[in-house]
Amino acid sequence: MLLELDEKYTKSFISKESIAAIEPEVMAAQEMLHSGTGAGNKFLGWLDLPENYDRAEFMAIKEAAAEITKTVQVLVVIGIGGSYLGARAVIEFIKSQANNELNKDTPSIYFTGNSISASSLADIIKLCDCKDFAINIISKSGTTTEPAIAFRVLLEMLINQFGKEEAAKRVFVTTDKSRGTLKELADKEGYRTFVVPENIGGRYSVLTAVGLLPIAVAGVDIDALMQGAADARLEYMNPDFAKNACYRYAALRNILYRSGKKVEMLVSYEPDFTMMCEWFKQLFGESEGKDGKGIFPSSAVFSTDLHSIGQYIQQGERIMFETSVFFEDAKEDIIIGFDPKNVDGLNFLAGQTLSNVNRKAFQGTTIAHYDGGVPTIILKMKKMDEYNLGWLIYFFEKSCAISGYLLGVNPFDQPGVETYKRNMFALLGKQGYEELRSELEARLQK
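Conventions and cut-offs
Residues numbered from 1 in each chain as written. Predicted model: local features only at pLDDT ≥ 70, side-chain atom pairs only at ≥ 80, totals over all residues. Heavy atoms only, no water. Helix = DSSP H or I, 4+ residues; strand = E, 2+ residues; numbered from the N terminus. Rg over C-alpha atoms; globule rule 2.2 N^0.38 Å. Contact = heavy atoms within 4.5 Å. Areas by Shrake-Rupley, 256 points an atom, 1.4 Å probe, with all protein chains shown as cover. Lys, Arg positive; Asp, Glu negative; His and termini not counted. Charge placed at Lys NZ, Arg CZ, Asp CG, Glu CD. Phe/Tyr/Trp six-rings, centres within 6.5 Å; stacked < 30°, edge-to-face > 60°. Buried < 20%, exposed > 50% of the residue type's maximum accessible area, 1.4 Å probe, protein only. Axes fitted to C-alpha atoms, helices over the stretch in contact; angles between N-to-C directions. Left-handed = near helix turned anticlockwise from the far one by under 90°. Nonpolar A, V, L, I, M, F, W, Y, C, P; charged D, E, K, R; others polar. Parallel < 35°, antiparallel > 145°, perpendicular 65-115°, else oblique.

Caption draft 1: Region of interest: the overall build of the protein. When its secondary structure is counted, the protein shows 18 helices and 10 strands. Taking 446 residues into account, the globule formula puts the C-alpha radius of gyration at 22 Å, and the protein, at 23 Å, falls close to it. Principal axes of the C-alpha set define a box for the protein whose edges measure 65 × 60 × 55 Å. Put simply, 78% of the contacts in the protein that link residues at least 6 apart link residues at least 24 apart. Of the roughly 20300 Å² of accessible surface on the protein, a fraction of 52% belongs to carbon and sulfur atoms. Charged side chains of the protein number 48 positive and 59 negative; the gap between the two group centres comes to 2 Å.

Dropping the structure here:
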């Protein structure tokens, strides 16, 4: 098994009886998922995607990525939520958080359209100025406010710099297969298009064109990424609850939630995992947080955050549990040298690898937090590579679906996300929102 689920540091918090009691619920949840009888069953395309993806489009993604790599200096990826988090997470995990500074073989990749910050978009404009750049706009409808604004601004810049005909060759659209504002525009202007599958929600879409195009441009091996997910799919079809790490993880987190542990902190000891933490928070937060229910997803990177929120974790209110993802092999390693004067007192570490010091920090922290009343689920993997990451992505996606059903919610919708949009449109004066605008303005003046 590529991913090892270590339950040792949950044992004083989770009894054998509670695991036995939740097993029938887990098996009922997996039956709903695989039979398509559960809530949100129109959005299960991700379940078999690693095996049943569109091979022709996959090849087209590779070809477009190769072309972008050869012809431009910068690729700007425009999208919000699942339209950018997965791609950025994969790129930074496989390459580096400093990929744009370190990498000389592929274009720099910048992400925008994920906020409405004028300062942030202005920075992207400066980064593109006087450079040969391309745009990958990702939006199912084309009317989502944040990416639509960024696309309007950057498309105008692209046309001013290259002219309309040449600009069209630098626009890559990932959108609905047959309808929507963005699809109509792409067809009219001749932009190359890739498909956001109708049966896959944004937060489950990283292994579709939504994520794969920018990931491929970064030089990531998308074949290995998909193979890891495909092998995970087979592994986690195992109906034996005792041997299915995906199902057991979903069970453990729900048992802890029912016992009062309302916050899950996803922990890594690798800074390059930071955006994977953000992807995880969207996946689980948007899937589970509804109907007054849900485990609140948080994250930390250790040992960095042990020097900030570590005190709270160790001795604060006992409302959380941790899920630690630990990779046995570092991408690169460093051997600590010997200092004849031993000014810093660290000669006891001389000759050791930095990855071993990191491992001991992981082990020591886990024991400290466990003793302090924080249960920890450990997910161990071997390498920080494409195959392992593809496996982990599928593990989290399926665990999330099972966990949502255990909570009794629809893990594939997000009705609450629309509330802020309605209020914002009303306050900005969009037609059709006049009554709501009056109400909101009155409330703001109180």
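Still more ground to cover, so stick around.
Caption draft 2: Local environment of the packing of aromatic side chains. Within the structure shown, the criterion is met by 28 aromatic pairs. Geometrically, the ring pair formed by Phe280 and Phe396 is edge-to-face, given 5.2 Å between the ring centres and 70 degrees between the ring planes. With Phe280 in helix 13 (residues 274–288) and Phe396 in helix 16 (residues 386–407), this residue pair connects regions lying 116 residues apart in the sequence. Both residues of the pair, Phe280 and Phe396, belong to the buried class. On the basis of an interplanar angle of 65 degrees and a centroid distance of 5.9 Å, the ring pair of Phe425 and Tyr433 is categorised as edge-to-face. According to the relative accessible area criterion, Tyr433 is partly exposed, its value standing at 23%. Among the aromatic residues, those joined into a ring-pair cluster are Tyr236, Tyr249, Trp279, Phe280, Phe284, Tyr387, Trp391, Phe395 and Phe396.

Caption draft 3: Molecular detail of the packing of helix 4 (residues 85–94) against helix 16. Their axes nearest at 10 Å, the elements helix 4 and helix 16 cross at an angle of 145 degrees. In this structure, the crossing between helix 4 and helix 16 has a hand that is right-handed. Residue-level contacts link Val90, Phe93 and Ile94 of helix 4 to Glu386, Leu389 and Ile393 of helix 16. Its residues assigned to classes, the contact of helix 4 with helix 16 comprises five nonpolar, no polar and one charged.

Caption draft 4: Quick look at the packing of helix 11 (residues 222–235) against helix 16. In contact at an axis separation of 6 Å, helix 11 and helix 16 are set at 45 degrees when each is read in the N-to-C sense. It follows from the interaxial angle that helix 11 and helix 16 lie oblique. For the pair helix 11 and helix 16, the crossing hand works out as right-handed. Within the contact between the two elements, helix 11 uses Ala224, Leu225, Gln227, Gly228, Ala229, Asp231, Ala232, Arg233 and Glu235 and helix 16 uses Glu386, Tyr387, Leu389, Gly390, Trp391 and Tyr394. Taken together, the residues that form the contact of helix 11 with helix 16 break down as eight nonpolar, three polar and four charged.

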